[in-house]
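# Structural overview
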Amino acid sequence: MSALLIVDLQNDFCPGGALPVPEGDEIVPLINRLADGFDHVLQTQDWHPANHQSFASQHEGKSPYDTIEMAYGTQVLWPDHCVQGTEGADFHPGLDTTQSELIIRKGFRPEIDSYSAFFENDGTTPTGLTGYLKERDIDELFVCGLATDFCVKWSALDGRKQGFDVFVVEDATRGINQDGSLAQAWDEMNEAGVQVISSEAALDVGAVA
Ligand code: VGL
Ligand code: ZN
């Protein structure tokens, strides 16, 4: 059985938001069409406390896109974004969320960032998604949303690690592309056996599974 996973389609990741992904809003109508073609739709929501340690504002003398060493490794520092309860953390107003059966919130522990829908950035703290998918007999995951080179990539890679068939719906994602991170993301996903698919093809597959 297959499901569509819509990653972080929130105001702060769209143009005009705090951490805008270029053209991030342009995929909204396409994702609404995709969702219509799937029996099961899941979402993630980046959901940080105001003192989240991935925010550059929490580190004296640091600017957004600098990196620091955290307990679990290197961490990119971001502008404050997707703060719990703010408009920036809301889903894009054009996104139709009525069909969503599960919304996974992530990044709510101040000391750990969380890109992946499956694990926090320490690689070990689970969100519960693996168990949810297994209990629901979902073995194929079609991933779309924002950003290709961060939360989409990490979700797709962890999905493979957890044994799922993973497809990234290429025209239904957009990337941040920081220092070549977008090309690198596609390479890493290819190597891990993540399949790349168009929304047309995903609708064909997703609708019947
Ligand atoms: C994301 C950076 C920080 C994402 C979330 O959704 O790709 N990127 N938090
Ligand atoms: Zn974040």
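So, a few notes on the structure that sits alongside this text. Within any chain, residue numbers begin from 1 and follow the written order of that chain's sequence. As they are written, the chains are lettered A onward and the ligands numbered 1 onward, keeping that order. In view of the model being predicted, local features appear only for residues whose pLDDT reaches at least 70, and side-chain atom pairs are presented and counted only at 80 or more, with totals across whole chains, interfaces and linings using the full set of residues. Heavy atoms from the whole structure form the basis of all side-chain values; hydrogens and water molecules are not counted.

### Some details on the site of ligand 1
The full set of residues close to ligand 1 is Asp 8, Phe 13, Leu 19, Asp 46, Trp 78, His 81, Tyr 115, Leu 146, Ala 147, Phe 150 and Cys 151. Pairs of N or O atoms are called polar contacts if they sit within 3.5 Å, as long as, within protein, a hydrogen donor faces a hydrogen acceptor (for residues adjacent in sequence, only side-chain-to-side-chain pairs). At 3.4 Å, a backbone N or O of Leu 146 approaches an oxygen atom of ligand 1. Burial of ligand 1 by the protein chains amounts to 100% of its free accessible area of 260 Å². Gly counts as polar in this scheme, as do all residues outside two lists: the nonpolar Ala, Val, Leu, Ile, Met, Phe, Trp, Tyr, Cys and Pro, and the charged Asp, Glu, Lys and Arg. By residue class, the composition of the shell around ligand 1 is 8 nonpolar, 1 polar and 2 charged. Neighbouring residues are identified by heavy atoms, a residue being near a molecule or strand if any of them is within 4 Å of it. Note on areas: Shrake-Rupley, 1.4 Å probe, and residue coverage restricted to the protein chains presented here.

### Concerning empty space enclosed by the protein
Here the term cavity refers to a set of points on a 1 Å grid, laid over the protein atoms alone, in which a 1.4 Å probe fits but cannot get out; the term pocket refers to an open set having protein on both sides within 12 Å along at least five of seven lines, with lining residues being those that place an atom within 4 Å of a point. Grid points are joined across faces, edges and corners, and a volume is the space filled by probe spheres set on the points. In the structure shown here, the tally under the stated rule is 1 cavity of 30 Å³ or more. What lines the largest cavity is a set of 14 residues, among which Phe 13, Leu 19, Tyr 115, Phe 150 and Cys 151 lie closest to the centre. For the lining of the largest cavity, a count of residues per class yields 9 nonpolar, 2 polar and 3 charged.

### Looking at the coordination of the zinc ion (ligand 2)
Perfect tetrahedral coordination of a metal by four donors corresponds to 109.5 degrees between them, and perfect octahedral coordination by six donors corresponds to 90 or 180 degrees. Surrounding the zinc ion (ligand 2) are the protein donor atoms Asp 46 (OD), His 48 (NE2) and His 81 (NE2), which sit 2.0 to 2.2 Å from the metal. Distances up to 2.8 Å from the metal define which N, O and S atoms are donors, and 3.2 Å serves for Na, K and Ca; water is absent from the atom set, so sites may look incomplete. Key to geometry: four donors with every angle between 85 and 135 degrees are tetrahedral; four donors are square planar and six octahedral where opposite donors lie over 155 degrees apart and all remaining angles lie between 65 and 115; all other sites are irregular. Coordination at the zinc ion (ligand 2) is irregular: its 4 donor atoms span angles of 87 to 169 degrees at the metal. The sequence motif formed by the donor residues of the zinc ion (ligand 2) is D-x1-H-x32-H. You can see Asp 46 sitting in strand 2 (residues 41-46) and its partner His 81 sitting in the loop between strand 4 (73-76) and strand 5 (100-106), a full 35 residues away along the chain. Secondary structure elements are defined from DSSP: runs of H or I of at least 4 residues count as helices, runs of E of at least 2 residues count as strands, and each element is numbered from the N terminus.

### Concerning the sheet that holds strand 5
A pair of strands counts as paired when DSSP detects no fewer than two bridges linking them. With parallel pairing, 6 strands are arranged side by side in an open sheet as 5-2-1-6-7-8. At either margin of the open sheet sits one strand with a lone partner, and together these are strand 5 and strand 8 (195-197). The mean inter-strand angle of the sheet, taken between neighbouring strand axes irrespective of direction, is 25 degrees. Direction of pairing for strand 2 relative to strand 5: parallel, over a ladder of 6 bridges. Looking at strand 5, one finds that Val 41 is bridged to Ser 100. Strand contacts of helix 1 (residues 28-36): strand 1 (2-7), strand 2, strand 6 (140-146) and strand 7 (165-174), with the helix running at about 145 degrees to strand 7, the strand carrying the most contacts. As a rule, the C-alpha atoms of each element are fitted with a line to give its axis, helices using only the stretch in contact, and angles between N-to-C directions run from 0 to 180 degrees. The contact criterion used throughout is that any non-hydrogen atoms of two residues lie within 4.5 Å.

### Things to note about the pairing of strand 6
Regular strands place side chains that alternate from one sheet face to the opposite one. For each residue, the accessible area found with a 1.4 Å probe, counting protein chains only, is set against the maximum for its type, and the residue is called buried under 20%, exposed over 50%, and partly exposed in between. Along strand 6, 7 of the 7 residues are buried, which leaves the element largely enclosed by surrounding structure. Here strand 6 shows a buried face lined by Glu 140, Phe 142, Cys 144 and Leu 146 and a second buried face lined by Leu 141, Val 143 and Gly 145. Two elements, strand 1 and strand 6, share 6 bridges in a ladder whose sense is parallel. The partner of Ser 2 across the bridge, within strand 6, is Glu 140. Where strand 6 and strand 7 come together, 6 bridges link them in parallel fashion. The partner of Glu 140 across the bridge, within strand 7, is Asp 165.

Any link to function would need more than the numbers given here.
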